[in-house]
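# Structural overview
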Amino acid sequence: MLESRNLSVFYGRHRAVENVSITVSASEIVVMLGANGAGKSTFLRAIAGQTPSQGGTVLMDGAEITHHPPHEIVEAGIATVPEDRGVFAELTVHENLTLGAHPRRARPHEAANLERVLTLFPRLAERRKQLVRTMSGGERQMVAVGRAMMSAPSILLLDEPSLGLSPLLCGELFRTLRRIKDTGVGIFLVEQNAKQSLAIADRGYLLDNGHIVGSDTAEALSKDEKVQTAYLGGG
Amino acid sequence: MDIIIIGLLLGGTYALMAMGLQLQYGVARIMNLANGEILVCGAFGAIWFFTASKMSPIYALIFVVPIAFVVNWAIYQVMMLPLVKRAKNQGQLEVDSILATFGLSFIFIGILLAVFGGEFLTYSYLATPFLIFGEPYALNRIAAFLGSVALCAGLYVWLHWTRAGLTLRAIAVNPAAAGLVSINVPRASALAFALGGAVTAAGGVLLSMFLTFDASLGVIFTLKALVIVIMGGVSDVRGAILAAFILGLTETAVATLVDPGLTLAAAYVLFIAILLVRPEGLFGRRST
């Protein structure tokens, strides 16, 4: 289980995220909804070790991982797909996936993980020798998620995975996330796309101006009037 | 024919020194202006081993390369790491590292002057003619070329076929994402910097087989390596190798057909032309 307790991040004096506490357990999809600039990405980056946090703690299965560098966070079982996808554009699909299996925790199971990823994304199997740079946005997102899954994570973090994808591709990606969840992985995504993400999520948090302003089951949130007006474009 | 063969032999030897700078700049993100001094140190090392004990420069590699690796690793830990940690962005690191390594180059020159004095140093090794297509070429040039090709090939295979090599290429492509696949970027950068220095020193050993060196010659090699790396693109070894051959051919052609004094000028005309027309390098890609 991934847990943040009162995590705060400051940019200089500006408070980007304050006292945010969340949990993500195995086999659940948790979504954090918030407008542009609410601090969602900052919060996710702080958990992944890419942005320093100034207060609070992050725990993975009870062990503290606050302030650990990114490569140790991955070893602790948390894989991240950043907003820019974090793929290696000048390398091939196969090389990207191999790099995903770089963590020590993932190396013994590399072959099995590769098979699992290629089952999730059959298109990647056809394009193993292709440079990622030459692929479409949707395909790149597959490489990014596939690369993250290659590190055999317990928790998968995604920063706005729907960004730049058509509703159709987005739906396809979210269905894949649900299949990943069914294998026992806990998924935490931050999103602006409330409708599609709440449809696959189990629980959700609402982030506004760096603070959590609500949390409930996904079903309740999608019926909540506040969420309706703020994120679902009115009634 | 002469020009082409001598140019190719020279270019092949340049390729190795350019790969050294490319590892330091492309992976570790340090634009090392003391690169040429490292090369001169390698050359002086070979000269010293040869004059002291008649040791073949090929054997001298066995000593020079590990020493250069350790020294460059230490330079990274002591001098570069604080700059890397302090830098808020790539541009700042570039400015800081250029200034710091420019200073470092004078420290190296001072040490070399103090130890070896200011004279031109050389030694005679394999200075026998070897016939290619009926024309004689110095055997030491051919030996240096073959040594360089072997080391370049080894490095290429290591970078492209091993997990460790793949991690270095990953950092060159996307350092932020490298952390996300559990690559210890600071440690891998130190390794790349040290390896780059070792490769450059090896280039110096090989060049010393047919060139004369003095303590202040480093800057010329820094600039040549820079021309090659900029021409070939910073992240692709193949580009650098091809660019090294282009530079070797251009220098030889200008020296033979026009005037030997203009070789460096010709290299710079090439360099400026590429900066103006294709700043991302002949084979590099514009970042998106």
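What you see is a predicted model, and the numbers here were worked out from it, not measured in a lab. (Residues numbered from 1 in each chain as written. Chains lettered and ligands numbered in written order. Predicted model: local features only at pLDDT ≥ 70, side-chain atom pairs only at ≥ 80, totals over all residues. Heavy atoms only, no water.)

## Quick word on the environment of I98 of chain B
Looking at the secondary structure, you find I98 of chain B in helix α4 (residues 90–116). When the C-alpha positions of I98 of chain B and A34 of chain B are compared, they lie 9.0 Å apart, and in sequence the two are 64 residues distant. (Helix = DSSP H or I, 4+ residues; strand = E, 2+ residues; numbered from the N terminus.)

## Some details on the nonpolar core
Counting 93 residues, the largest nonpolar core has I183, F213 and I228 of chain B as the members making the most contacts within it. Residue contributions to this core peak at 12 residues, all from helix α8 (residues 185–207) of chain B. Residue contacts for F213 of chain B: discarding those within four places in its chain leaves L39, V40, A43, F44, I47, E119, F120, L121, G204, L207, S208 and F221 of chain B. By size, the runner-up hydrophobic cluster in this structure holds 44 residues, among which are F121, V145, L177 and L206 of chain A. (Core = buried A, V, L, I, M, F, W, Y, C linked by side-chain atoms within 4.5 Å. Buried < 20%, exposed > 50% of the residue type's maximum accessible area, 1.4 Å probe, protein only. Contact = heavy atoms within 4.5 Å.)

## Some words on the sheet that holds strand β7 (residues 155–159) of chain A
Residues and elements named next belong to chain A. Spatial strand order, β6-β7-β8-β3-β9-β10: six strands in an open sheet with mixed pairing. Only two strands of the sheet have a single neighbouring strand rather than two, namely β6 (78–81) and β10 (211–217). Looking at each pair of strands side by side, their axes are set apart by 15 degrees on average, direction ignored. Here five bridges tie strand β3 (residues 29–33) to strand β8 (residues 186–191), and the two strands are oriented parallel to one another. The residue bridging L33 from the neighbouring strand is E191, located in β8. Contacts from helix α6 (residues 137–149) reach β6 and β7 within the one sheet, and its direction differs from that of β6 by about 170 degrees. (Pairing = 2+ DSSP bridges. Axes fitted to C-alpha atoms, helices over the stretch in contact; angles between N-to-C directions.)

## Section: the domain arrangement of chain A
Residues and elements named next belong to chain A. We note that the domain assignment places domain 1 (1–77 + 155–235) and domain 2 (89–153) within chain A. Centre-to-centre, using C-alpha coordinates, domain 1 lies 23 Å away from domain 2. The interface of domain 1 with domain 2 comprises 16 residues on the first partner and 15 residues on the second. Surface buried jointly by domain 1 and domain 2 totals about 1300 Å² across both partners, of which 69% is contributed by carbon and sulfur atoms. Counting the contacts that link domain 1 with domain 2 gives three residue pairs in polar contact (both at pLDDT 80 or more). Within the residue set of the side of domain 1 that touches domain 2, elements represented by two or more residues are α2 (70–75), β7 and α7 (167–182). At six residues, the largest contribution of residues to the side of domain 1 that touches domain 2 is made by α7. By residue class, the composition of the side of domain 1 that touches domain 2 is 11 nonpolar, two polar and three charged. (Domains from an automatic or database assignment. Buried area = accessible area lost by both parts, 1.4 Å probe. Polar contact = N/O pair within 3.5 Å; in protein donor to acceptor, adjacent residues only side chain to side chain. Nonpolar A, V, L, I, M, F, W, Y, C, P; charged D, E, K, R; others polar.)

## Points about a nonpolar patch on the surface
A cluster of nonpolar side chains, contributed by Y59, I62, F63, I67 and V71 of chain B, occupies part of the molecular surface with about 510 Å² of accessible area. Looking at the secondary structure, you find F63 of chain B in helix α3 (residues 57–86). (Patch = residues over 30% accessible without salt bridge, like charges linked within 9 Å, V, L, I, M, F, W, Y side chains within 5 Å. Areas by Shrake-Rupley, 256 points an atom, 1.4 Å probe, with all protein chains shown as cover. Salt bridge = Lys/Arg side-chain N within 4 Å of Asp/Glu carboxyl O.)

## Here's the deal with the pairing of strand β2 (residues 14–24) of chain A
A regular strand places its side chains so that they alternate between the two faces of the sheet. Residue and element names in this part refer to chain A. Here strand β1 (residues 2–11) runs beside β2; their pairing, made up of seven bridges, is antiparallel. Counterpart to L2 in the pairing with β2 is V24. Where β1 folds back onto β2 in an antiparallel hairpin, the turn is made up of two residues, including G12, whose phi is positive at roughly 65 degrees.

## Considering the interface of chain A and chain B
If you look at the interface, chain A gives 24 residues, while chain B gives 17 residues. A per-residue breakdown of the area chain A buries against chain B is headed by H71, F88 and H102 of chain A, which together make up 31% of the total. Our enumeration of links across chain A and chain B arrives at two salt bridges. Across the pair E95 of chain A and R169 of chain B runs a salt bridge whose closest N-O atoms are separated by 2.8 Å. Here chain A and chain B share six residue pairs in polar contact (both at pLDDT 80 or more) between them. Taken together, the residues that form the side of chain A that touches chain B break down as 10 nonpolar, seven polar and seven charged.

## Some details on the pattern of salt bridges
Should the charged atoms of two oppositely charged side chains come close, the side chains can pair. All names here are of chain A. This model, assessed by the stated rule, comprises 13 salt bridges over all chains. For R5, the salt bridge identified is with E3, shortest N-O distance 3.1 Å. Measuring nitrogen to oxygen at the nearest pair gives 3.3 Å for the salt bridge that ties E219 to K223. Here E219 and its partner K223 are both found in helix α9 (residues 218–223), four residues apart, which amounts to about one turn of the helix. Across the pair, exposure class does not vary: E219 and K223 are exposed alike. Shared partners join several salt bridges into a network, and the residues in it are R123, R127 and E139.

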